[in-house]
Amino acid sequence: MAPFQRMVTLTTDFGITEHYIGAMKGVIYNVNPAAQIVDISNSVHSYDLLDGALTLAQAYSYYPPNTLHVIVVDPGVGTARRPILATCGKYLFLAPDNGVLSLVYEREEAVSVRHITSQHYFLQPISNTFHGRDIFAPVAGWLSKGVDTEKFGEVITDFVRFTAPKPKLAGDNLFKGIVIKVDKFGNLITNITPHDMPQLFTPDPPAFKIFVGKAEITKMRATYAEGAPGEVFAVLGSMGFLEIVTNRGSAQSSIGVGKGSEVGIKLE
Amino acid sequence: MAPFQRMVTLTTDFGITEHYIGAMKGVIYNVNPAAQIVDISNSVHSYDLLDGALTLAQAYSYYPPNTLHVIVVDPGVGTARRPILATCGKYLFLAPDNGVLSLVYEREEAVSVRHITSQHYFLQPISNTFHGRDIFAPVAGWLSKGVDTEKFGEVITDFVRFTAPKPKLAGDNLFKGIVIKVDKFGNLITNITPHDMPQLFTPDPPAFKIFVGKAEITKMRATYAEGAPGEVFAVLGSMGFLEIVTNRGSAQSSIGVGKGSEVGIKLE
Amino acid sequence: MAPFQRMVTLTTDFGITEHYIGAMKGVIYNVNPAAQIVDISNSVHSYDLLDGALTLAQAYSYYPPNTLHVIVVDPGVGTARRPILATCGKYLFLAPDNGVLSLVYEREEAVSVRHITSQHYFLQPISNTFHGRDIFAPVAGWLSKGVDTEKFGEVITDFVRFTAPKPKLAGDNLFKGIVIKVDKFGNLITNITPHDMPQLFTPDPPAFKIFVGKAEITKMRATYAEGAPGEVFAVLGSMGFLEIVTNRGSAQSSIGVGKGSEVGIKLE
């Protein structure tokens, strides 16, 4: 029987053009040549904790129980910010303690976080600028082999967390949210969910207007393909958020707005 | 002995910047933690069925017999377009029924296509906008474990197929084709093959002129490196098509044309 | 017990948008369905031997002993340049004989290089333009299964090597180097190491000025995060080189220079 193994996923902002991810994988395989490593995405926006948190949040729960999710978006690398190992629900998470796990903490019930201090698992010497390679990768390698989490450090409770931006009621039946992501297709993904505005997502919603940039959107559709040529409209996307989209085209190009743009929704 | 397994390849337009592929892989591994998943490319041009078909057609036949090739370029996601499972030659193909398998149908002899209707294999609830995750990935997971193809639905014969654009005779010894792809190097890959114009690809071809944009090309060479500095010339590329290229540079930048551009060839 | 296997890494300039890497992996798996293939990076700058050499040099030594590193940056594909198999230190390297292994030769002691001539391992017919698929991939497949290196051809000693650009003393306490790489974060990675200018990297360095483009840099810091907002400064990066960086931003955008730019360092 094969020994106990944990699958390892990677979510980082290291990109795929340089050696960074290749070096991290080498370190993991050197510790555990039988490791099973999967990229969630290594193209998180540079330094962007919320973008990293969203990417991980949209993928981690589909993995087999006991998967180790490694997320390295780490603008504070080399400073006093701690490396942490979190056990949340069915999964383990390895990350810098900078809030990048906030959406995991928000969603999971039983959260236990350890400050990783067991330096004998680290690569030596430790650089000041690439802990993905020198700390997170070797620790991931040992964890993938089934080493117990308590071997890596003590439980802490003062770990860093932030709250993702939520839509707000901004007047009579007027909600304001933002575009939190623009995907490869040019879909504008907002932070507005059916929980925030249940009426909007009913089979027969009231009349509404969505304001983004200079565009005014009045149609909600079930699928991308239902849109007329050139029409910009709204859908409930697969991330669970309201999306501003266009059929076989880029809503971003059509409207000319991007990440961070304000989205107003007025119900009649 | 390990149980029967099928390798799984992915060809999609989901990109690598978001969580999309990471979520699909999670779903596959959750069904089959021992799955062997390989990316052919997840950077197919958005919504571009021909680009997806070409990418798959240039890679699938190199894989071991019994590989399951999953291709998701799916602008009609959520509509009545069917998910299908095709058995063609030595391989299985999982795709939306929108013609993206046309080049496979064109090339393979024994083609059997099933409409996938066995919803108990799907992820629930099924979103309207991401069947890659909710339908194709879980079905791929089960197929990778060796589940029989007939378990997924009935054979159909009215599956969708299109004909890839072919070069045409457009006058006295004048052929017209198009640029079907520009690759990472800036090579302009046309749809012209030795089958279309055998004379052009002989060791000692007749004099010819190739017209692309404002450029006039009169040289055919065997390799990229035989080109003089700055010279734009033609080669028979590894895809089996005539390519317009330049040595250690980008023909696209040199000529200023792109995908879809007309290519005229005049034999003297 | 599993038979002897070598892990395979890929470093190429083929990009991830086309089928190139997908085809190469298919060929490797077809020879050895149990192969373990890892991408170091397939986004090396097109035709850029030094960029390929640097990418490989920064990753290969982290892999388990006996890993086969395949590097294909091959502007001379199809010409008389030889395919080679190098055994260097703990690793095997498969590459075109164009100098792309120069940094490996520079670093490793016991280097043995073979000219690969055993055509029965190649894919037939061999194209003139894609030896990654037709020569390097099948040879990698067979090597991954543990085939002996001497089966592939005779030892040669006249293999091609180049010297990476080194910084030079250019006047009284004035050194001149270049930017050899700009990474995804916009960090400007120079070719200057602590070996070249030990004084600069001491805990308490003498006053200095670094000239890049129109910028004048006077601060060395230990981590990215120590920089003041908007400040451009220097760090000793994880590649072992002096880097010009900015905290949570792109030094490339701030300064407006790129790869190949001259970097002057004046010690007071």
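Residues numbered from 1 in each chain as written. Chains lettered and ligands numbered in written order. Predicted model: local features only at pLDDT ≥ 70, side-chain atom pairs only at ≥ 80, totals over all residues. Heavy atoms only, no water.

**Comments concerning the overall build of chain A**
In step 1: Across its full length, chain A holds five helices and 15 strands.
In step 2: Going through the 268 residues of chain A one by one, you find that 62% of them count as buried.
In step 3: Residue pairs in contact within chain A that sit at least 24 positions apart in sequence constitute 64% of those at least 6 positions apart.
In step 4: Within the structure as shown, chain A displays about 10,200 Å² of accessible surface, and the carbon and sulfur contribution to it stands at 53%.
In step 5: Where the 23 positive side-chain charges of chain A centre and where its 25 negative ones centre are 2 Å apart. (Helix = DSSP H or I, 4+ residues; strand = E, 2+ residues; numbered from the N terminus. Buried < 20%, exposed > 50% of the residue type's maximum accessible area, 1.4 Å probe, protein only. Contact = heavy atoms within 4.5 Å. Areas by Shrake-Rupley, 256 points an atom, 1.4 Å probe, with all protein chains shown as cover. Lys, Arg positive; Asp, Glu negative; His and termini not counted. Charge placed at Lys NZ, Arg CZ, Asp CG, Glu CD.)

**Focus: helix 1 (residues 20-31) of chain A**
In step 1: Compared with the 16 Å implied by 1.5 Å per residue over 12 residues, the 17 Å span of helix 1 of chain A between its first and last C-alpha is a close match.
In step 2: For helix 1 of chain A, every residue scored as buried is listed here: Tyr 20, Ile 21, Gly 22, Ala 23, Met 24, Lys 25, Gly 26, Val 27, Ile 28, Tyr 29 and Val 31 of chain A.
In step 3: Against the buried residues of helix 1 of chain A lie strand 1 (8-12), strand 2 (37-41), strand 3 (68-72) and helix 4 (131-144) of chain A together with strand 2 (37-41) and strand 10 (188-190) of chain C. (Expected span 1.5 Å × (residues − 1).)

**A word on the relation of the copies chain A and chain B**
In step 1: For these two chains of identical sequence, chain A goes onto chain B by a turn of 120 degrees and a shift of 0.0 Å along the axis, with RMSD 0.0 Å. The transformation just described matches what one would write down for a three-fold rotation axis.
In step 2: In this assembly the copies use different faces: only 6% of the residues contributing to the interface of chain A also contribute to that of chain B. (Least-squares fit on C-alpha atoms with pLDDT ≥ 70 in both.)

**Some details on the packing of helix 1 of chain A against helix 4 of chain A**
Two packed helices can be described by the angle between their axes and the distance between those axes.
Residue and element names in this part refer to chain A.
In step 1: One can describe the packing of helix 1 onto helix 4 by two numbers: an axis separation of 8 Å at closest approach and a directional angle of 35 degrees. In this structure, helix 1 meets helix 4 at a crossing whose hand is right-handed. Facing helix 1, whose interface residues are Ala 23, Met 24, Val 27, Ile 28 and Val 31, helix 4 presents Gly 132, Arg 133, Ala 137, Pro 138, Ala 140, Gly 141 and Trp 142.
In step 2: Class assignment for the residues of the contact of helix 1 with helix 4 results in nine nonpolar, two polar and one charged. (Axes fitted to C-alpha atoms, helices over the stretch in contact; angles between N-to-C directions. Left-handed = near helix turned anticlockwise from the far one by under 90°. Nonpolar A, V, L, I, M, F, W, Y, C, P; charged D, E, K, R; others polar.)

**Some words on the interface of chain C and chain B**
In step 1: Tallying the contact residues gives 33 residues for chain C and 32 residues for chain B.
In step 2: Around 2,700 Å² of area is buried between chain C and chain B when both sides are counted, 58% of it from carbon and sulfur atoms.
In step 3: The largest contributions to the chain C side of the interface with chain B come from His 19, Tyr 47 and Thr 129 of chain C, which together make up 24% of the buried area.
In step 4: Where chain C touches chain B, the interface holds zero salt bridges.
In step 5: Per-element tally for the side of chain C that touches chain B: the top contributor is helix 1 (residues 20-31) of chain C, with eight residues.
In step 6: Along the lines of polarity and charge, the residues of the side of chain C that touches chain B split into 14 nonpolar, 15 polar and four charged. (Buried area = accessible area lost by both parts, 1.4 Å probe. Salt bridge = Lys/Arg side-chain N within 4 Å of Asp/Glu carboxyl O.)

**Some thoughts on the interface of chain A and chain B**
In step 1: Counting from both sides, the interface comprises 33 residues of chain A and, opposite them, 33 residues of chain B.
In step 2: Summing both sides of the interface, chain A and chain B together bury roughly 2,700 Å²; the carbon and sulfur share of this comes to 58%.
In step 3: Of all residues in chain A, Tyr 62, Lys 184 and Phe 185 of chain A give up the largest surface area on contact with chain B, accounting jointly for 26% of the area buried on that side.
In step 4: Scanning the region where chain A abuts chain B turns up zero salt bridges.
In step 5: For the side of chain A that touches chain B, the elements supplying multiple residues, two or more each, are strand 2, strand 9 (174-182) and strand 13 (232-236) of chain A.
In step 6: Taken together, the residues of the side of chain A that touches chain B break down into 18 nonpolar, 10 polar and five charged.

**Considering the environment of Met 220 of chain A**
Residue and element names in this part refer to chain A.
In step 1: As for its position among the elements, Met 220 is in the loop between strand 12 (215-217) and strand 13.
In step 2: For Met 220, a relative accessible area of 23% corresponds to the partly exposed category.
In step 3: Sequence separation of Met 220 and Asp 97 is 123 residues, and the distance between their C-alpha atoms is 39 Å.
In step 4: Excluding its chain neighbours within four sequence positions, the residues that come into contact with Met 220 are Leu 200, Phe 201, Phe 208, Ala 234, Val 235, Leu 236 and Leu 242.

**Considerations on the sheet that holds strand 3 (residues 68-72) of chain C**
Residues and elements named next belong to chain C.
In step 1: In space, the seven strands of this open sheet follow the order 2-1-3-5-4-6-7, with mixed pairing throughout. Because the sheet does not close on itself, it has two edges, and the strands there are strand 2 and strand 7 (155-156).
In step 2: Where strand 1 (residues 8-12) and strand 2 come together, four bridges link them in parallel fashion. Directly across from Val 8, in strand 2, lies its bridge partner Ile 37.
In step 3: Strands strand 1, strand 2, strand 3 and strand 5 (91-96) of the sheet are contacted by helix 2 (residues 49-57), whose axis makes an angle of about 160 degrees with strand 3. (Pairing = 2+ DSSP bridges.)

**Digging into the domain arrangement of chain A**
One frequent convention defines the size of an interface as the accessible area lost when the parts assemble.
Residue and element names in this part refer to chain A.
In step 1: Split into domains, chain A comes out as domain 1 (8-156) and domain 2 (168-267).
In step 2: Of note, the centres of domain 1 and domain 2, computed from C-alpha atoms alone, are 33 Å apart.
In step 3: On the side of domain 2, six residues touch domain 1, which itself brings six residues to the contact.
In step 4: Surface buried jointly by domain 1 and domain 2 totals about 520 Å² across both partners, of which 52% is contributed by carbon and sulfur atoms.
In step 5: When the buried surface of domain 1 facing domain 2 is broken down by residue, Asp 51, Leu 54 and Gln 58 rank first, second and third, together holding 69% of it.
In step 6: Inspection of the region where domain 1 meets domain 2 yields two salt bridges.
In step 7: In this assembly, domain 1 and domain 2 are joined by three residue pairs in polar contact (both at pLDDT 80 or more). (Domains from an automatic or database assignment. Polar contact = N/O pair within 3.5 Å; in protein donor to acceptor, adjacent residues only side chain to side chain.)

**Some words on the nonpolar core**
In step 1: Judged by nonpolar contacts, the single largest core of 66 residues is most densely connected at Phe 93 and Leu 101 of chain A together with Leu 68, Val 70 and Leu 94 of chain B.
In step 2: Sorting elements by how many residues they give to this core places helix 1 (residues 20-31) of chain B first, with seven residues.
In step 3: Not counting the four nearest positions on each side in its chain, Leu 94 of chain B is found in contact with Leu 68, His 69, Val 70, Ile 71, Ile 84, Leu 85, Ile 116, Phe 136, Val 139, Ala 140 and Leu 143 of chain B. (Core = buried A, V, L, I, M, F, W, Y, C linked by side-chain atoms within 4.5 Å.)

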